[in-house]
Every structure is written in C-alpha cells, then in structure tokens.
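Listed here are the chains, written in short residue letters.
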Amino acid sequence: LKWEGRMEELMAPGSDVGCSILQVFADAHLRGFTETTSRYHALSYVGLEERRISLLGKLQRFRDQGETMCDLAGVLLGISNKTGASVWFQRARDVGAASHSS
C-alpha cells in the first residue's frame, strides 16, 4: 500500500491512533493473504504487526500485545515459518507471564 512506509509520520508518538492506523493496514494485508495466500501480503502483515506490537508495549496494552503476537504467529504458520511462529508464541507467553506477575 502506497503510504505504509510513512505511517509513523501520521501518528502522534505513543498514541492509540497509531495502533489503529497500523491495524487498518495490517487487516487489509491479512484479508489479502486470506483470499490469495500471497506471501507478499503475509510478510507485509508481519512487518506491520511487529511495529504495532512494539507500540502496544509502549502503551502498556499487554493483553492486546499478546493477542497480536499470537495472531502474527498464526500467519507465520500459514506460510510455513514454524521457527518464527514459535518465537512469537513464546514472546506472547512471556508477556502474559510478566503482566500477571506485576
């Protein structure tokens, strides 16, 4: 999508608006991947969600962060990247454990 690379310019640092913008683009790529199984859409989705996961952590939205990590891992499984998926599933478990211990 044309504006993806410059999305950070549209967002206020550390805002929920930034998460929403990233989610809109990620959802578009997820739909594209679901409909076409295009590796391009899957990898674009992964890149966007990695950025959103970082922002969710900064906003201390740990539940959303963990759920997004699991969703990202599921897409990685869809393109046969089991190693990447296991990393993201473990990160989600770590976020869950840390948020419950505090």
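See above for the structure.
These remarks concern the structure in this document. (Residues numbered from 1 in each chain as written. Predicted model: local features only at pLDDT ≥ 70, side-chain atom pairs only at ≥ 80, totals over all residues. Heavy atoms only, no water.)

The next point concerns the overall build of the chain. Check the secondary structure of the chain and you find 5 helices and 0 strands. Ordered by position in the sequence, the α and β elements of the chain form the string α-α-α-α-α. Counting contacts in the chain only where the partners sit at least 6 residues apart, residues at least 24 apart contribute 50% of the total. For the chain, the computed accessible surface area is about 6200 Å², with 55% contributed by carbon and sulfur atoms. (Helix = DSSP H or I, 4+ residues; strand = E, 2+ residues; numbered from the N terminus. Contact = heavy atoms within 4.5 Å. Areas by Shrake-Rupley, 256 points an atom, 1.4 Å probe, with all protein chains shown as cover.)

So, on to the packing of aromatic side chains. For the structure shown, the criterion picks out 0 aromatic pairs. Note that Arg91 overlies the ring of Trp88, its terminal NZ or CZ placed 4.4 Å from the centroid. (Phe/Tyr/Trp six-rings, centres within 6.5 Å; stacked < 30°, edge-to-face > 60°. Lys NZ or Arg CZ within 6 Å of the ring centre and 35° of its normal.)

In this section: the packing of helix 2 (residues 16-36) against helix 3 (residues 39-58). Two numbers describe how helix 2 lies on helix 3: the axes approach to 8 Å, and their chain directions differ by 155 degrees. The orientation of helix 2 with respect to helix 3, classified from their angle, is roughly antiparallel. Both helix 2 and helix 3 take part in a crossing whose hand is left-handed. Of helix 3, the residues touching helix 2 (which contributes Gly18, Cys19, Leu22, Gln23, Phe25, Ala26, His29, Leu30, Gly32, Phe33 and Thr36) are Tyr40, His41, Ala42, Ser44, Tyr45, Leu48, Glu49, Arg51, Arg52, Leu55 and Leu56. A per-class count over the contact of helix 2 with helix 3 returns 12 nonpolar, 7 polar and 3 charged. (Axes fitted to C-alpha atoms, helices over the stretch in contact; angles between N-to-C directions. Parallel < 35°, antiparallel > 145°, perpendicular 65-115°, else oblique. Left-handed = near helix turned anticlockwise from the far one by under 90°. Nonpolar A, V, L, I, M, F, W, Y, C, P; charged D, E, K, R; others polar.)

Core analysis: the biggest nonpolar cluster contains 22 residues, and Val46, Met69, Leu72, Val75, Leu76 and Trp88 have the highest contact counts within it. At the level of secondary structure, the elements contributing two or more residues to this core comprise helix 2, helix 3, helix 4 (62-78) and helix 5 (82-101). Ranked by residues supplied to this core, first place goes to helix 3 with 7 residues. Beyond its immediate sequence surroundings of up to four residues, Leu72 is in contact with Tyr45, Val46, Glu49, Glu50, Ile53 and Trp88. (Core = buried A, V, L, I, M, F, W, Y, C linked by side-chain atoms within 4.5 Å. Buried < 20%, exposed > 50% of the residue type's maximum accessible area, 1.4 Å probe, protein only.)

Within the structure shown, the criterion is met by 3 salt bridges. Of the charged contacts, one joins Glu49 and Arg52 as a salt bridge, the two residues approaching to 2.9 Å between their closest N and O atoms. Of the two residues, Glu49 and Arg52 both sit in helix 3, 3 residues apart, roughly one turn of that helix. A relative accessible area of 2% means that Glu49 is categorised as buried. On the basis of relative accessibility, which here comes to 6%, the residue Arg52 falls in the buried class. (Salt bridge = Lys/Arg side-chain N within 4 Å of Asp/Glu carboxyl O.)

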